[in-house]
Amino acid sequence: MAVAVTTKTAWKLQEIMAHSSNVSSVVLGKGSGRMLATGGDDCRVNIWSVSKPNCIMSLTGHTSPIESLQVNPNEKLIVAGSRSGSIRVWDLEAAKVLRTLPGHKANICSLHFHPFGSFVASGSLDTNIKLWDVRRKGCIFTFKGHTEAVRCLRFSPDGKWVASAADDHTVKLWDLTAGKLMFEFTGHSGPVNVVEFHPNEYLLASGSSDRTVRFWDLEKFQVVSCIEEEATPVRCVLFNPDGCCLYSGFQDSLRVYGWEPERCFDVVVVNWGKVADLSISNNQLIGVSFAQSTVSSFVVDLSRVPKSDSVPHGLIRDDQPLVPPTPIGSSLRRIYDRPSTSCSKPQSRVKHNSESERHSPSSEDDRDEKESKAEIQNQEDYKEIFQPKNAICRTPPRNEPFPAPPEDEPGTAKEAVKPSQAVDVQTSLPKQELPDPVQRPPIASSTSLTRTEPSVIPAARNEPIGLKASDFLPAVKNQSQTELVDEEAMSQIRKGHETMCVVLTSRHKNLDAVRAVWSTSDIKNSLDSAVAINDLSVVVDLLNIVNQKPSLWKLDLCTIVLPQIEKLLQSKYESYVQTGCTSLKLILQRFLPLITDILAAPPSVGVDISREERLHKCKLCYKQLKNISNVVKNKSGLSGRHGSAFRELLLLMAVLD
């Protein structure tokens, strides 16, 4: 009879020699938990796949040691800040430097990407926080208020705020739209190393060198709770994806906290030293640490770590009853509605900043970007992880959980530090005899039990819409009668076949008509003919081609396409919505600045026919974009990739407000 093998709760995954000199910064990709970036005193940024020994790519261009790193949410871009104060953004798919952003006067201590916009926030030893537009290569706004180095920056999940933690013992909350300080949280007695927003609620967590973790209410702007039982500084924190608990990384340990009331659910011994970053993937927590030129990665199996509804470790007063934790799914405070930030006011204030704040491309800048390069060290891993942008399939490789090794000795899978005698008495009880502190009611589902047709039909579906497989099969009236004559079976098949042939023939005819116009005329007439056919599927087919060649787009096309985009964005077909979002994003990036400049220009003297025509087209486009902005605003609250796409579009359309 086979004996069940007990596996470890926490284990060391690997150790790599990351740089030829000391490692100065390490960060994990939060999207997959499988991407690792390291920066060193050799002025390089190296990209790794967690658990693989070889470097995938090495990014060069900085002339001073790397001080801070950050990967964007979809893991396509990476930004690195150096000791000299310069910032470089690399496109990992194109394997080249995208932007060089000078402006800070001292070390870059912290960086963070906006959750759904092309913006980066940077904090420096010069005490300033800068908000950068990666597309326009410029500083949008500079926030001033800290008196010492800014050690950590985090955008809120809805993109409206940015929180900063600094060596001056404070945590500050900044409003991006108004471009000003919202509130300053005081209470820490040492430098604040890290700050993190709750994924759903208006709650902020901060960890400090004073060995405390504090939780702040972002509605009432007051402290919710403070955990003060630690013996080492707090190095990093991360909320569980569902927001049920907070993981805190300390010297050689991981602690799991709740905040109302303050309590420690578990302490896991992990010999990772000074942990630098945390990420969660496949119900496993991945932590990375570095010492000299080596980087080590560790895994904690979260399925074996209690997150709530268990006897807490420590923080229990003898004179206070144990308050049961709030059930998962309920909330004590406001939930993020995730409206996009417009950043419109800070953009308008750029004019009042000095010329040194407003960065424009120059020959020196171009030379810096030419000197920056990406050396692909492992071509096979690079192709697997960073697929080219023009590839048809952009599905990333499937990530499997890391296999847990067996225990060295039975019963030592997890060692907990004994916080107090009161805990010893409680935890010594047999596990099966512990009473359930609270009977949790069943969590209400947001979806009805009755099966309804989805409002958006997914692009990746296994059956055609409007057709049933049963229409093509012989009908069986009862189980005993399963044989039919050939004539009846063929008639059942033909019934659906004829309908399908009519649909496909009509589609083919319409596409042939558009192709004939395309081959004999220009793209504008082709789009006119596609719109005249009054078949959105033909318009989608044509836009999918035009979107691949931005050089084909002219202002004339915008006046034709924008009304069709409005229809596509409201379609129930996911593929139509995706095509509409892609086309609208391209129009906004290429033509919106031109449209606003022409409309804002003073009227010309005399008669200029071409200018009048251009002005008329711009007015028409502006009116159509205003109509579309209402659709985008209504859909920006959606979850998933659709909501993210609409929020990004809302950012681009902020200038219309």
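Small disclaimer: the values here were computed from a predicted structure and weren't measured.

Colleague: Give a description of the sheet that holds strand E23 (residues 246-250) that names residues and reports values.
Modeller: Across the sheet, which stays open at both edges, the four strands sit in the order E22-E23-E24-E25 with antiparallel pairing between neighbours. Whereas interior strands pair on both sides, the edge strands pair on one side only; in this sheet they are strand E22 (236-239) and strand E25 (262-269). Shown here is a sheet whose adjacent strand axes are inclined to one another by a mean of 25 degrees, direction ignored. Of the pairings in the sheet, the one linking E22 to E23 comprises four bridges and is antiparallel in character. Bridged to Leu-238 within E23 is Tyr-247.

Colleague: Break down the pattern of salt bridges for me, citing the residues and quoting the values.
Modeller: When their charged atoms lie close together, side chains carrying opposite charge are able to pair. Taken as a whole, this structure holds 13 salt bridges when the rule is applied. Connected through shared salt-bridge partners, Asp-41, Glu-67 and Arg-83 make up one network.

Colleague: Quick one: what's the story with empty space enclosed by the protein, residue by residue and with numbers?
Modeller: Evaluation of the coordinates by the stated rule reveals three cavities of 30 Å³ or more. There is about 50 Å³ of room inside the second largest cavity. As for the second largest cavity, its lining consists of Gly-117, Ser-118, Phe-119, Arg-135, Gln-589, Glu-648, Leu-651 and Leu-652. A per-class count over the lining of the second largest cavity returns three nonpolar, three polar and two charged.

Colleague: Which residues make up the pairing of E22, and what values go with them?
Modeller: Residues Cys-236 and Leu-238 point to one face of E22 and Val-237 and Phe-239 to the other, with burial holding for every one of them. In textbook terms, the turn of a hairpin is the stretch between consecutive antiparallel strands, and for E22 and E23 this stretch comprises six residues, one of which, Gly-243, has a positive phi near 80 degrees.

Colleague: Talk me through the packing of helix H7 (residues 536-546) against helix H9 (residues 574-600); I want residue IDs and the actual numbers.
Modeller: Packing of H7 against H9 leaves a shortest axis separation of 10 Å and a crossing angle of 45 degrees. On the basis of their axis angle, the class for H7 and H9 is oblique. In this structure, H7 meets H9 at a crossing whose hand is left-handed. In this structure, H7 contributes Leu-536, Ser-537, Val-540, Leu-543 and Asn-544 to the contact, and H9 contributes Tyr-576, Thr-579 and Ser-583. Per-class residue counts for the contact of H7 with H9 are four nonpolar, four polar and no charged.

Colleague: So what's going on with H9? Residues and values would help.
Modeller: The end-to-end C-alpha distance of H9 is 37 Å, a good match for the 39 Å that 27 residues give at a rise of 1.5 Å each. Of all the bends in H9, the greatest reaches close to 50 degrees and is centred on Phe-591; the proline Pro-593 follows between one and four positions later.

Colleague: How would you sum up the nonpolar core? Please name residues and give values.
Modeller: Of all hydrophobic cores here, the largest spans 44 residues; its most connected members are Trp-553, Leu-562, Leu-569, Leu-584, Leu-625 and Val-632. Within the residue set of this core, elements represented by two or more residues are helix H6 (523-533), H7, helix H8 (555-569), H9, helix H10 (609-635) and helix H11 (640-652). In terms of residue count, H9 provides more of this core than any other element does, 11 residues in total. Here Trp-553 is in contact with Leu-543, Val-546, Asn-547, Val-561, Ser-583, Leu-586, Ile-587, Arg-590 and Phe-591, once residues within four sequence places are set aside. Membership of the second largest hydrophobic core comes to 29 residues, among which are Ala-163, Leu-173, Phe-185 and Leu-218.

Colleague: Can you explain the side chain of Ser-529? Please cite residues and give values.
Modeller: The topology assignment puts Ser-529 in helix H6. Residue class for Ser-529 comes out buried when judged on its relative accessible area of 18%. In this structure, Ser-529 is in contact with Val-514 and Val-517, ignoring residues within four places of it in sequence.

Conventions adopted
Here the residue index of a chain counts from 1 through its sequence in written order. Side-chain atom pairs in this predicted model are given and counted only at pLDDT of 80 or more, local residue features only at pLDDT of at least 70, and totals for whole chains, interfaces and linings cover all residues. Here the side-chain values reflect all heavy atoms present in the structure, with hydrogen atoms and water set aside. For two strands to be treated as a pair, DSSP must find at least two bridges joining them. By the criteria applied, helices consist of DSSP H or I runs no shorter than four residues and strands consist of E runs no shorter than two, each listed in order from the N terminus. Convention adopted: a line fitted to C-alpha atoms gives each axis, helices being fitted over their contacting stretch, and angles between N-to-C directions are expressed from 0 to 180 degrees. The working definition used for a salt bridge is a side-chain nitrogen of Lys or Arg within 4 Å of a carboxyl oxygen of Asp or Glu. Using a 1 Å grid laid over the protein atoms alone, points where a 1.4 Å probe fits but cannot get out form a cavity; open sets with protein on both sides within 12 Å along at least 5 of 7 lines form a pocket; any residue with an atom within 4 Å of a point counts as lining. Grid points are joined across faces, edges and corners, and a volume is the space filled by probe spheres set on the points. Basically, the charged four are Asp, Glu, Lys and Arg, the nonpolar ten are Ala, Val, Leu, Ile, Met, Phe, Trp, Tyr, Cys and Pro, and anything else, Gly included, counts as polar. Accessibility here uses a 1.4 Å probe with only protein chains present; expressed as a share of the type maximum, an area under 20% marks a residue as buried, one over 50% as exposed, and anything in between as partly exposed. Any angle that falls under 35 degrees is termed roughly parallel, while one over 145 is termed roughly antiparallel, one within 65 to 115 roughly perpendicular, and all others oblique. Handedness of each helix crossing follows the sense of rotation of the near helix against the far helix: counterclockwise by less than a right angle gives left-handed, clockwise gives right-handed. In what follows, residue pairs with any heavy atoms lying within 4.5 Å of each other are defined as contacts. A helix's residues, less one, multiplied by 1.5 Å, set its expected span. Bend is computed residue by residue as the angle between axes fitted to the seven residues ending at the residue and the seven residues starting at it. Take the buried Ala, Val, Leu, Ile, Met, Phe, Trp, Tyr and Cys residues and link them wherever side-chain atoms come within 4.5 Å; each set so joined is a nonpolar core.

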